[in-house]
Amino acid sequence: MALVPFDDRDGLIWLDGVMVPWRDAKLHVLSHGLHYASGVFEGERAYAGNIFKLRAHTERLIASGRILGFEIPYTAGEIDAACIEVVKANGFTDAYVRPIAWRGAEQLSVSAQQTKIHLAIATWAWPNLFGDNRMKGVRLDIASWKRPHPETAPTASKAAGLYMIGTLSKHAAEANGFDDAFMLDWRGQLAEATGANAFFVIDGDLHTPVPDCFLDGITRRTVLSIARRHQMKVVERVMLPDDLPKATEVFLAGTAAEVTPVRQIGPHSYTPGHITETLLHDYEGLVRKSPAEVEALAPI
Ligand SMILES: Cc1ncc(COP(=O)(O)O)c(C=O)c1O
């Protein structure tokens, strides 16, 4: 199926406070964000008309900007309202939502003190990151690129620049016939996929790496909370490649990926089982609840 280009679609995009026709949502080629990756973004999903964990995403967007040294010129309430408005304006109830903030074109040098901060929010239909492959279980190649040390890159920020490593890794994996890449970190420890966190079932317990140099995803935290509600034993720990053959079930968790079963990482094979199915089912139920109901299920 041919991809409809992202700059040639019908619809509306919220750009710096104004709802503009999709094709007119442009920026200048000398924008600092384009040249020096001074941008941060979010990936959100609306289900049944509500954006799941909207405030948590907005707060992470603001925090990501602060880590890169800039302040997004809107309050969390204004950003939330704009996200809701853009989903409605495009007539969606279920959609992916992409807010992005970046430094403008007022100054083009490594120093960017004079730049203004822009914010755009777009939304489109995107059923799942892995499409039809999701429920079959995805196959992951082990990436040769590594997640960097937190003193090498702003790893706590959902910063556009960090996705350079993701695209390189994903392209290499796709060239080898895989769906995605599984990434190790700079120490050789298990980290995550290129756009989702990873979980491993070992001896019936749920294990996941400590997110100290990659995103502690909102979906990851939601899945941990669901697992604890089921009285599952949850182990957040340093995980090593030696753990890969010990796992029986593996799955990914992220806003775009949702809960996606994994059937292969490098030479290791897995069969999605009861734990993956339970968490996938409960996650799908939770995201369709009203914001008040989601709020009432306090994280544990
Ligand atoms: C690199 C990376 N890790 C993890 C995640 C999962 O984060 P979340 O569950 O907040 O979407 C994402 C997706 O946003 C991501 O891009």
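Residues numbered from 1 in each chain as written. Predicted model: local features only at pLDDT ≥ 70, side-chain atom pairs only at ≥ 80, totals over all residues.

1. Quick look at the overall build of the protein chain
Within the protein chain one finds seven helices and 16 strands. Once local pairs closer than 6 in sequence are excluded, the contacts in the protein chain between residues at least 24 apart make up 69%. (Helix = DSSP H or I, 4+ residues; strand = E, 2+ residues; numbered from the N terminus. Contact = placed C-beta atoms within 7 Å.)

2. Here's the deal with the packing of helix H5 (residues 218-229) against helix H6 (residues 274-286)
For any two helices packed against each other, the geometry comes down to the angle between their axes and how far apart the axes lie. With their axes 10 Å apart at the nearest point, H5 and H6 run at an angle of 115° to one another. Taken together, H5 and H6 sit at an angle that is classed as roughly perpendicular. Where H5 crosses over H6, the handedness of that crossing is right-handed. Residue-level contacts link Thr222, Val223, Ile226 and Ala227 of H5 to Leu279, Asp282, Tyr283 and Leu286 of H6. Here the residues of the contact of H5 with H6 are counted per class, giving six nonpolar, one polar and one charged. (Axes fitted to C-alpha atoms, helices over the stretch in contact; angles between N-to-C directions. Parallel < 35°, antiparallel > 145°, perpendicular 65-115°, else oblique. Left-handed = near helix turned anticlockwise from the far one by under 90°. Nonpolar A, V, L, I, M, F, W, Y, C, P; charged D, E, K, R; others polar.)

3. Section: the environment of Pro211
Note that Pro211 resides in the loop between strand S12 (205-209) and H5. Distance in space between the C-alpha atoms of Pro211 and Arg237 is 9.1 Å, their sequence separation being 26 residues.

4. A few points about the site of the ligand
Near the ligand you find 13 residues, and of these Gly217, Ile218, Thr219, Gly254 and Thr255 are the closest. Sorting elements by how many residues they give to the shell around the ligand places H5 first, with three residues. (Near = placed C-beta within 6 Å.)

5. A closer look at the packing of helix H2 (residues 54-67) against helix H3 (residues 76-89)
Across the interface, H2 lies against H3 with an axial gap of 10 Å and an inter-helix angle of 120°. Here H2 lies oblique to H3, going by the angle between them. Considering only the axes of H2 and H3, their crossing is right-handed. Across the interface between the two elements, Leu54, Arg55, Thr58, Glu59, Leu61 and Ile62 of H2 pack against Ala76, Ile79, Asp80 and Cys83 of H3. A class-by-class count of the residues in the contact of H2 with H3 yields six nonpolar, one polar and three charged.

6. A short note on the pairing of strand S1 (residues 12-15)
Here four bridges tie S1 to strand S2 (residues 18-21), and the two strands are oriented antiparallel to one another. Considered in S2, the bridge of Leu15 is made with Val18. What sits between S1 and S2 in their antiparallel hairpin is a turn of two residues, with Asp16 showing a positive phi close to 50°. (Pairing = 2+ DSSP bridges.)

7. A closer look at the pairing of strand S7 (residues 117-124)
Of all eight residues making up S7, six are buried, and the element is well covered by its neighbours. In this sheet, S7 lies alongside S1 in antiparallel orientation, the contact comprising two bridges. Looking at the pairing, Trp14 lines up with Ile121 of S7. Pairing analysis gives eight bridges linking strand S6 (residues 95-103) to S7, with the strands arranged antiparallel. When the sheet's bridge partners are listed, Val97 is paired in S7 with Thr123. (Buried ≥ 20, exposed ≤ 12 C-beta atoms within 10 Å, placed from the backbone.)

8. Points about the domain arrangement of the protein chain
We note that the domain assignment places domain 1 (12-124) and domain 2 (131-296) within the protein chain. Contact with domain 1, which involves 20 residues of that partner, is made by 15 residues of domain 2. Looking at the side of domain 1 that touches domain 2, the elements with two or more residues in it are strand S3 (39-41), strand S4 (44-47) and H2. Tallying contributions element by element places H2 first for the side of domain 1 that touches domain 2, with five residues. Residue composition of the side of domain 1 that touches domain 2, by class: ten nonpolar, five polar and five charged. (Domains from an automatic or database assignment.)

9. Some remarks on H6
With 13 residues, H6 extends 18 Å between its outermost C-alpha atoms, agreeing within 8% with the 18 Å of an ideal straight helix rising 1.5 Å per residue. Within H6, burial applies to Thr276, Leu279 and Leu280. Angular distribution of buried residues about the axis of H6 spans 100°; they occupy a single face of the element. Facing away from the buried side of H6 by over 90 degrees, the exposed positions are His274, His281 and Gly285. (Expected span 1.5 Å × (residues − 1). Arc of directions from axis to C-beta.)

10. Quick word on the environment of Ile62
Among the structural elements, Ile62 can be located in helix H2. Taking the C-alpha atoms as reference points, Ile62 and Ala76, separated by 14 residues in sequence, lie 7.7 Å from one another. Residue contacts for Ile62: discarding those within four places in its chain leaves Ile72 and Ala76.

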